[in-house]
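An overview of the molecular structure
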Amino acid sequence: MKTHRFYVYLQSYPTLSNAVKHFNDVMKAAIFVMVLFLFGCSSDQNAQMGAAPPPSLPVWEIKQGSEVTYQEYPASIDGIVNIEIRPQVEGILDQVLVDEGAFVQKGQALFKINDRPYREQLNASRASLNAAEGAVENAQLEVEKLKPLVENHVVSDFQIKSARAAYRVALGNLEQAKANVAAAKINLGYTVITAPVSGYIGRLQKKQGSLLSPSDMQPLTQLSDVHEMHAYFSIGESDFVTFKAQYPGATLKQKLNNMPPVSLILSDQSTYPFEGKVDMVDGQFDKNTGAITLRASFPNKEGLLRAGNTGRVKLALQHSNALIVPQSATIEIQDKIFVYALGDSNKVNKKPISVIGKSGPNYIISEGLKSGDKIVYKGIEHLQEDQVIKPEPLKPEDRKLTALN
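Please read these numbers as outputs of a predicted model, since none were measured by experiment.

Remarks on the environment of Ser238
Within the fold, Ser238 resides in helix α5 (residues 237–246). Take Ser238: its relative accessible area is 54%, and that puts it in the exposed class. A sequence separation of 53 residues divides Ser238 from Ala291, and the C-alpha atoms of the two residues are 9.3 Å apart.

Next comes the structure, spelled out in structure tokens:
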């Protein structure tokens, strides 16, 4: 029966090609109807997805308040006193009485120079002093002998005047001899080199048996008094203007007195356990760098710091009426920082902000938002411009993370 129908179907067309063409047209029409059906189903699904509720995301309200930020500046550290130890007389180094790195007290002997030549100089000076004292006595006796003779007109006045002049010359020679003795004693004392201050000995540049001279280019060693350390750091002109405006006082000295303590970050990123105080500002800016040098002093009773250490001075800056934005609510794109601000109809818009510092987990901003604005706190990774959200208040644990109430 089916074969008969297909035969009748073929007879209705003059040729076989016409029959095939008609069959192809029918198949195309069927495929077109199927595509329309599938497109309709897809549209229904998209409509159902568009009708899904907006995501619920926590929202942060921008607040204004006082915050503290910290700036770090590279610093070079030096002892309160850093002295080159040099010989003051020439001679052979007989003894080295200290070791490298040792702590010495003020007045302690460090080096001993051969003192025999200087002892002989002292003996010769003392001999000259004795001779000068004898010459003074002899000249005085001469004056006393001539005085009655002149009074009785036995000798002329010229002779007593000559005797008195010789007496004054003898007194001058006596004073010179005393000075030579004192100088010889000083030079003899210089043969023992002592510590001018308490501190730590540096490297010993000369060994026992070396010939020393005051004209030597290289010192014997260096001595550093490190019971207090000075950290020198430089800040730019704009930072210095901000620095001066931070603290009350009519003069710079008063501002330094009202300044809070500063911290020192060591090269291993640890914080020095004792706080310091900024106590000096250089008299002028460096013309080449446009920066000015400040000095912070730190106690060093434990001897943890040494001259030549490096670190960073951590300076606190107070910001009044600062706008606070949690770092977790921001995204960074090509060196710019953005937030998603909540607008009308709960739509979000991506806004750039200007960051002037950090305070704990928060940014301090100057532009981009104002007090009272609301931003999305979490879930910003998948947000799009003008997307509608359902705002929710911050959870207690989120408030704890931001360290704000």
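Next comes the rest of the account.
Let's talk about the sheet that holds strand β5 (residues 109–113)
Two orientations exist for strands paired in a sheet by backbone hydrogen bonds: parallel and antiparallel. Read across the sheet, 4 strands follow the order β6-β5-β3-β8 without closing on themselves; strand pairing throughout is antiparallel. Of all the strands in the sheet, just β6 (192–194) and β8 (211–212) have a single pairing partner and so form its edges. Relative to β8, strand β3 (residues 91–96) runs antiparallel, the two being bridged by 2 bridges. Residue pairing for β8: Ile92 is matched across the bridge by Leu211.

Quick notes on α5
Those residues of α5 that fall on the buried side of the exposure criterion are Phe240, Phe243 and Gln246. What you see down the axis of α5 is that its buried residues fit within an arc of 115°, all on one side. Structural note: α5 exposes Glu237, Ser238 and Ala245 on the side pointing more than 90 degrees away from its buried face. Packing partners of the buried residues in α5 comprise β9 (221–236), α6 (252–257), β11 (277–281), β12 (291–299) and β13 (310–326).

Side note on helix α3 (residues 116–151)
In this model α3 runs 53 Å from its N-terminal to its C-terminal C-alpha over 36 residues, within 8% of the 52 Å that 1.5 Å per residue would give. Every buried residue of α3 is accounted for by Tyr118, Leu122, Ser125, Leu129, Ala132, Val136, Ala139, Val143, Leu146 and Val150. Trailing α3 by a residue or two, His153 shows a phi angle of about 60°, which is positive.

Here's the deal with the side chain of Asp115
With respect to the helices, strands and loops of the structure, Asp115 is situated in the loop between β5 and α3. With residues up to four places along the chain from it excluded, the contact list for Asp115 reads Leu188 and Thr191.

Some points on the pairing of strand β16 (residues 348–359)
Where strand β15 (residues 336–342) meets β16, 6 bridges bridge the pair, whose relative direction is antiparallel. Across the sheet, the residue bridging to Val339 is Lys351, located in β16. Linkage of β15 to β16, two consecutive antiparallel strands, is achieved through a turn of 5 residues, within which Ser345 is found at a positive phi near 60°. Judged from the 5 bridges that link them, β16 and strand β17 (residues 362–367) form a sheet pairing that is antiparallel. Bridge pairing in β17 links Val355 to Ile365. Linkage of β16 to β17, two consecutive antiparallel strands, is achieved through a turn of 2 residues, within which Gly360 is found at a positive phi near 65°.

Some details on the environment of Ile337
Assignment of secondary structure puts Ile337 in strand β15. When the C-alpha atoms of Ile337 and Lys351 are compared, they prove to be 8.5 Å apart, with 14 residues separating the residues in sequence. If near-sequence neighbours (up to four positions away) are discounted, Ile337 is found in contact with Thr330, Ile331, Glu332, Lys351, Pro352, Ile353, Val355 and Tyr363.

With respect to unusual backbone geometry
Of note in this structure, Gln269 is not a glycine but carries a positive phi near 70°. By secondary structure assignment, the location of Gln269 is in the loop between β10 (263–266) and β11. The exposure class of Gln269 is exposed, given its relative accessible area of 53%. Its identity is not glycine, yet Gln334 carries a phi of approximately 50°, on the positive side. By the secondary structure assignment, Gln334 is in the loop between β14 (331–333) and β15. Judged by its relative accessible area of 74%, Gln334 falls in the exposed class.

Regarding the packing of aromatic side chains
Summed over the entire model, instances satisfying the criterion amount to 8 aromatic pairs. With a centroid separation of 6.1 Å and an interplanar angle of 20°, the aromatic rings of Phe240 and Phe243 are classed as stacked. Of this pair, Phe240 and Phe243 both sit in helix α5, 3 residues apart, which is roughly one turn of that helix. When the ring centre of Tyr200 is taken as reference, the NZ or CZ atom of Arg306 above it lies at 3.9 Å. The positively charged end of Lys314 is found above the aromatic ring belonging to Tyr70, 4.9 Å away from the centroid.

A word on the confidence of the model for the protein
Residues of the protein with pLDDT of at least 70 account for 85%, and the chain-wide mean is 84. Confidence over residues 1–11 falls short of pLDDT 50; this stretch has 5 contacts with residues more than four positions distant or in other chains.

Regarding the pairing of strand β2 (residues 63–85)
One face of the sheet, then the other: side chains in a regular strand alternate in exactly this way. Pairing geometry for β2 and β13, over 13 bridges, is antiparallel. Within β13, the residue paired with Ala75 across the bridge is Gly311.

What counts, and at which threshold
Starting from 1, residues in each chain are numbered consecutively following that chain's sequence as written. Side-chain atom pairs in this predicted model are given and counted only at pLDDT of 80 or more, local residue features only at pLDDT of at least 70, and totals for whole chains, interfaces and linings cover all residues. Heavy atoms from the whole structure form the basis of all side-chain values; hydrogens and water molecules are not counted. In DSSP terms, a helix is any run of H or I states spanning at least four residues, a strand is any run of E spanning at least two, and both are numbered starting from the N terminus. Accessibility here uses a 1.4 Å probe with only protein chains present; expressed as a share of the type maximum, an area under 20% marks a residue as buried, one over 50% as exposed, and anything in between as partly exposed. Strands pair, by our definition, only if DSSP identifies at least two bridges between them. Our arc is simply the arc of the directions from the helix axis toward the C-beta atoms. Any two residues whose heavy atoms approach within 4.5 Å are treated as being in contact. A helix is expected to reach a length of 1.5 Å times the quantity of its residues less one. Here a Phe, Tyr or Trp ring, Trp counted by its six-membered ring, pairs with any other such ring whose centre lies within 6.5 Å, and the pair is stacked when the planes are under 30 degrees apart, edge-to-face when over 60, and tilted otherwise. We call a charge positioned over a ring when the NZ of a Lys or the CZ of an Arg lies within 6 Å of the ring centre and within 35 degrees of the ring normal. A residue's pLDDT is the confidence the predictor assigns to it, expressed on a 0 to 100 scale.

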